[in-house]
Amino acid sequence: MKLIGSTTSPYVRKVRVMLEEKGAPYEFVAEQPWEATTRVPDYNPLGKVPALVIDDGRIWFDSTVIAEYLDTLAVAPAFFPADPLARVEVRQLAVLADGIVDAGVAWRVDAQRPAERQDPNWIARQRGKVERGLDMLDQLAAGKEWLHASGYGLADVAVVCALGFIDFRHPSLDWRSSRPQLTAYAERISRRPAFAATIPFV
Ligand SMILES: N[C@@H](CCC(=O)N[C@@H](CS)C(=O)NCC(=O)O)C(=O)O
């Protein structure tokens, strides 16, 4: 398998964590989707990473789709529970985590523009999504070993990668100071070797 991605993307990190957890061998092909010469559209018409090229040549894209594909390999751990309603709940948690990243990226893209081209209302709107999303996760993490009762899975991977992204790209947010439950949860899950092996870097 070949994983097309960047070492900074939290979505790519989700897939790297899951490949590490499953002990699945893969080649990492570094591609920066934002560069003019990027080859990412050759793998995904949407021009986004991650994309996973599997041995028969098929290409899966979107980190959640890739997670579902990886579970078809029938190697533990499974990232989705078998129960249909529990799967919906796990997807919902993963969407919350990914939504925090989406808003964090939109905020960063605008904040990197020259001051006269920035839109403070847009930035505040995106920041609001991030803050409210983190607040909800803080409540959800209270007293939990794993975010979903079915055990370690996609929800945990997505949330810890989203928090790693906030630390990496929005270090001034100081999300921990008002979210002790999420802080304790994230600290514990981040100790897994798959997270230590995939810390974002430029
Ligand atoms: N929903 C997608 C999001 C992927 C995504 O937005 N990736 C970013 C990198 S962090 C990207 O490739 N952006 C390039 C672009 O939007 O043109 C997933 O979960 O894989």
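Residues numbered from 1 in each chain as written. Predicted model: local features only at pLDDT ≥ 70, side-chain atom pairs only at ≥ 80, totals over all residues. Heavy atoms only, no water.

Asker: Even after reading the chapter, I still don't get the pairing of strand E2 (residues 27–30), so can you show me in this structure?
Answerer: Within a regular strand, side chains alternate between the sheet's two faces. Relative to E2, strand E1 (residues 2–5) is paired through four bridges, and the arrangement is parallel. Following the sheet pairing, Ile 4 is matched in E2 by Val 29. Each parallel crossover has a hand, and for E1 linked through helix H1 (residues 10–22) to E2 it is right-handed. (Pairing = 2+ DSSP bridges. Helix = DSSP H or I, 4+ residues; strand = E, 2+ residues; numbered from the N terminus. Right-handed = clockwise from strand over helix to strand, strands pointing away.)

Asker: Where do I start with the site of the ligand in this structure?
Answerer: Around the ligand lies a shell formed by Ser 9, Tyr 11, Pro 33, Trp 34, Gly 47, Lys 48, Val 49, Pro 50, Asp 62 and Ser 63. One nitrogen or oxygen atom from the main chain of Val 49 is found 2.9 Å from a nitrogen atom belonging to the ligand. Asp 62 is positioned such that a nitrogen or oxygen atom in its side chain is 2.9 Å from a nitrogen atom of the ligand. Summarising the interface, the protein chains cover 79% of the accessible area of the ligand, which totals 520 Å² for the free molecule. Of the residues in the shell around the ligand, the class split is five nonpolar, three polar and two charged. (Near = heavy atom within 4 Å. Polar contact = N/O pair within 3.5 Å; in protein donor to acceptor, adjacent residues only side chain to side chain. Areas by Shrake-Rupley, 256 points an atom, 1.4 Å probe, with all protein chains shown as cover. Nonpolar A, V, L, I, M, F, W, Y, C, P; charged D, E, K, R; others polar.)

Asker: Looking at this model, I keep getting lost on the sheet that holds E2. Mind explaining?
Answerer: For sheets, the rule is that strands pair by backbone hydrogen bonds, running either parallel or antiparallel. Spatial ordering of the open sheet is given by E2-E1-E3-E4, a layout of four strands whose pairing is mixed. The two strands at the open ends of the sheet, each matched to only one other strand, are E2 and strand E4 (59–61). Within the sheet, the average angular offset between the axes of one strand and its neighbour, ignoring direction, is 20°. As paired strands, strand E3 (residues 51–53) and E4 are joined by three bridges and run antiparallel to one another. Across the sheet, the residue bridging to Ala 51 is Phe 61, located in E4. Helix H3 (residues 63–72) rests against E3 and E4 of the sheet, and its axis sits at about 125° to E4. (Axes fitted to C-alpha atoms, helices over the stretch in contact; angles between N-to-C directions. Contact = heavy atoms within 4.5 Å.)

Asker: Looking at this structure, how should I read the packing of aromatic side chains?
Answerer: The description of an aromatic ring pair rests on the distance of the ring centres and on the angle between the ring planes. Enumeration over the complete set of coordinates arrives at three aromatic pairs. Where Phe 79 meets Tyr 152, the ring centres are 6.2 Å apart and the plane angle is 65°; that geometry is what we call edge-to-face. Of this pair, Phe 79 sits in the loop between H3 and helix H4 (84–111) while Tyr 152 sits in the loop between helix H5 (120–141) and helix H6 (154–169), and the two are 73 residues apart along the sequence. Look at Tyr 152 and you get buried, because its relative accessible area is 12%. Three or more aromatic residues joined by ring pairs form one cluster here, namely Phe 79, Trp 146 and Tyr 152. Over the ring of Phe 28 we find Arg 16; its NZ or CZ atom is 5.2 Å from the centre of that ring. When the ring centre of Tyr 152 is taken as reference, the NZ or CZ atom of Arg 192 above it lies at 3.8 Å. (Phe/Tyr/Trp six-rings, centres within 6.5 Å; stacked < 30°, edge-to-face > 60°. Buried < 20%, exposed > 50% of the residue type's maximum accessible area, 1.4 Å probe, protein only. Lys NZ or Arg CZ within 6 Å of the ring centre and 35° of its normal.)

Asker: Hey, could you run me through the pairing of E1 in this one?
Answerer: Bridging between E1 and E3 involves three bridges; their strand directions are antiparallel. Within the sheet, the bridge partner assigned to Ile 4 lies in E3 and is Ala 51.

Asker: Mind showing me how you'd approach the nonpolar core here?
Answerer: For soluble globular proteins, nonpolar side chains are generally found buried alongside one another. Membership of the largest hydrophobic core comes to 59 residues, with the highest contact counts inside it found for Leu 182 and Tyr 185. Ranked by residue count, the leading element in this core is H6, at 11 residues. Viewed by domain, this core spans two of them, domain 1 (2–72) and domain 2 (84–192), each represented by three or more residues. (Core = buried A, V, L, I, M, F, W, Y, C linked by side-chain atoms within 4.5 Å. Domains from an automatic or database assignment.)

Asker: Would you explain a nonpolar patch on the surface in this entry?
Answerer: Together, Leu 46, Ile 59 and Phe 61 make up a nonpolar patch on the protein surface, roughly 250 Å² of accessible area in all. Here Leu 46 shows up in the loop between helix H2 (40–43) and E3. Exposure remark for Leu 46: the relative accessible area of 60% places this residue in the exposed category. (Patch = residues over 30% accessible without salt bridge, like charges linked within 9 Å, V, L, I, M, F, W, Y side chains within 5 Å. Salt bridge = Lys/Arg side-chain N within 4 Å of Asp/Glu carboxyl O.)

Asker: Explanation requested: the domain arrangement of the protein in the structure shown.
Answerer: It is common to give the size of an interface as the accessible area that goes away when the parts come together. Domain parsing of the protein yields domain 1 (2–72) and domain 2 (84–192). Every contact between the two is made by 12 residues of domain 1 and, on the other side, 16 residues of domain 2. In this assembly, domain 1 packs against domain 2 so that about 1300 Å² is buried in total across both faces, 61% of it on carbon and sulfur atoms. Of all residues in domain 1, Pro 10, Tyr 11 and Lys 14 give up the largest surface area on contact with domain 2, accounting jointly for 39% of the area buried on that side. The interface formed by domain 1 and domain 2 includes four salt bridges. Taking the shortest distance from any N to any O, the salt bridge between Arg 192 and Glu 21 comes out at 2.9 Å. One can count seven residue pairs in polar contact (both at pLDDT 80 or more) joining domain 1 with domain 2. Elements supplying a minimum of two residues to the side of domain 1 that touches domain 2: H1 and H3. Considering each element in turn, the side of domain 1 that touches domain 2 owes the most residues, seven residues, to H1. (Buried area = accessible area lost by both parts, 1.4 Å probe.)

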